[in-house]
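Residue-level structural notes
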Amino acid sequence: MRVVVLTGGQTKRMLPLTEGYSRALLNIMGKPLFMYPLQTALKVVAGKGLVVTSSDTPLGEIIRHLQATGLSANVSVKTQQEPGIEGALLASREFTEGEEWFMLAYGDVIVNEEAFRLVLDVHAGSGRPSALLIPSSNIQSFGSAIVRENMITRFLPGGSSDETSYVVGGIFILPSEFFSLLKNDSSFFEALNQLIEKTGVYAAFWTGDWIAVDYPWDLINALYSLIDKKCGKIIAPSAKVSPTAILEGCVIIDEGATVDHYAVIKGPVYIGRNSFIGMGAFIREYTSIEENVVVGAYSEIKRSVLQPFSTVGSFSLITDSVFGYGSVAEPRTTVISMLPENFTAVRELPLQGIVGKKKKLGAFVSPYARIKSGTVLGPAVKVHRDGHIEGVQ
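All figures in this text were calculated on a predicted structure; none of them were measured in a lab.

1. A short note on the state of the cysteines
- Applying the stated criterion across every chain yields a total of one disulfide.
- Between the sulfur atoms of Cys 231 and its disulfide partner Cys 250 the distance amounts to 1.8 Å. Across the S-S bond linking Cys 231 and Cys 250, the dihedral sits near 95 degrees, which makes this disulfide right-handed. Separated by 19 residues along the polypeptide, Cys 231 in the loop between α8 (218-226) and β14 (233-235) and Cys 250 in the loop between β16 (246-248) and β17 (251-253) bring together distant segments of the chain.
- Judged by its relative accessible area of 1%, Cys 250 falls in the buried class.

See below:
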């Protein structure tokens, strides 16, 4: 069986993090987003893989990551020529020729390996197509499915529905004949419903952690799901950690990173390759500092993701935020994340139940944006590359 991972398609939901930057290449804990479903699927399905991406994603970057992980021999990359998820699937048709079945995975889904195995097991036990379903009280921003016993009776596109409480989890086992249903100008969900009529589709119910990265703050939720809360201290051989630095809890420091004098790292925290943590900086729980990031002296970072090549100047406070690739916060930038009680968001806010009873959401900063020294941001704001600031809707 072969694996197809769909990474293409920009979405307004992820703005401003995807202004001039591919969602597939957003990093969490040293890996781009698409690598998580790809690597997990290939562990479960012993076959070849295909990454389908859109024209705005640099193929060279995708290939570089595949080579770095030793997957380039078994995984190919293709750019879709037609729009939408339908165009992405049609781009994979040639790759799946000769296969009776293939595994399809969304490239923005973070879920445990056991969820992939569950979908495969349900297919193996039934001999029919299968799809991962997630019970959820908030289905407004997801595709959903109506279920009778263990069979899916109808797939529904995104939007609220009183008929179901199951979200489509983005992992499927589909027959190769599925492509003929798409060729009739059907949408993806219409083709799935035609498949229900032809063969039936079995539900694989998953109640564990599951994150679909559709909104900027979903990266913080994904980090919480991925990071091992009890890993201890993992320091790469080429990392440099000052003897006066203090490391507590799960702290992962990758190759070439530097932690300067008197810095305090209170895990769970990931510090990426070749990053620099300045003197006296305080890096707090549920933070991912990606490769080649600079955190200036005496700054505090908490519950945040700093994308590669971003910079936080000295004496800054960054909480509950995501800073885009190459962005710069000049010294003494402050992010306020405490939300008013009546604030509502389409998608669940990060780490609810972890940060206490208060709702918190910070700043989400475009790639290459520059925040002037002394700026106070938040709560719940987007900072665009041109400097325009707007509230999170």
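2. What about the packing of helix α1 (residues 35-44) against helix α5 (residues 113-126)?
- At their nearest, the axes of α1 and α5 sit 9 Å apart, and the two run at 50 degrees to each other. The orientation of α1 relative to α5 falls into the category oblique. In this structure, α1 crosses over α5, and the sense of that crossing is right-handed. Residues Pro 37, Thr 40, Ala 41, Lys 43 and Val 44 of α1 touch α5, and the partners they reach there are Glu 113, Phe 116, Arg 117 and Leu 120.
- For the contact of α1 with α5, the class distribution of residues is five nonpolar, one polar and three charged.

3. So, the sheet that holds strand β35 (residues 381-383)
- If you walk across this open sheet you meet the nine strands as β14-β17-β20-β23-β26-β29-β32-β35-β36, and the pairing is mixed. Sheet topology places β14 and β36 (389-391) at the edges, where each strand pairs with a single neighbour.
- In this structure, β14 lies alongside β17, joined through three bridges in parallel fashion. Pairing of Lys 233 across the sheet is with Val 251, part of β17.

4. Here's the deal with the packing of aromatic side chains
- Under the defined criterion, the tally for this structure stands at 14 aromatic pairs.
- Where Phe 155 meets Phe 189, the ring centres are 6.1 Å apart and the plane angle is 80 degrees; that geometry is what we call edge-to-face. With a gap of 34 residues between them, Phe 155 in strand β10 (residues 151-156) and Phe 189 in helix α7 (residues 188-198) connect regions that are remote in the sequence. When sorted by exposure, Phe 155 lands in the same class as Phe 189, which is buried.
- Its guanidinium or amino end placed over the ring of Phe 95, Arg 2 lies 4.9 Å from that ring's centre, counting from NZ or CZ.

Each value, and the rule that gives it
Residues numbered from 1 in each chain as written. Predicted model: local features only at pLDDT ≥ 70, side-chain atom pairs only at ≥ 80, totals over all residues. Heavy atoms only, no water. Disulfide = S-S within 2.5 Å. Helix = DSSP H or I, 4+ residues; strand = E, 2+ residues; numbered from the N terminus. Buried < 20%, exposed > 50% of the residue type's maximum accessible area, 1.4 Å probe, protein only. Axes fitted to C-alpha atoms, helices over the stretch in contact; angles between N-to-C directions. Parallel < 35°, antiparallel > 145°, perpendicular 65-115°, else oblique. Left-handed = near helix turned anticlockwise from the far one by under 90°. Contact = heavy atoms within 4.5 Å. Nonpolar A, V, L, I, M, F, W, Y, C, P; charged D, E, K, R; others polar. Pairing = 2+ DSSP bridges. Phe/Tyr/Trp six-rings, centres within 6.5 Å; stacked < 30°, edge-to-face > 60°. Lys NZ or Arg CZ within 6 Å of the ring centre and 35° of its normal.

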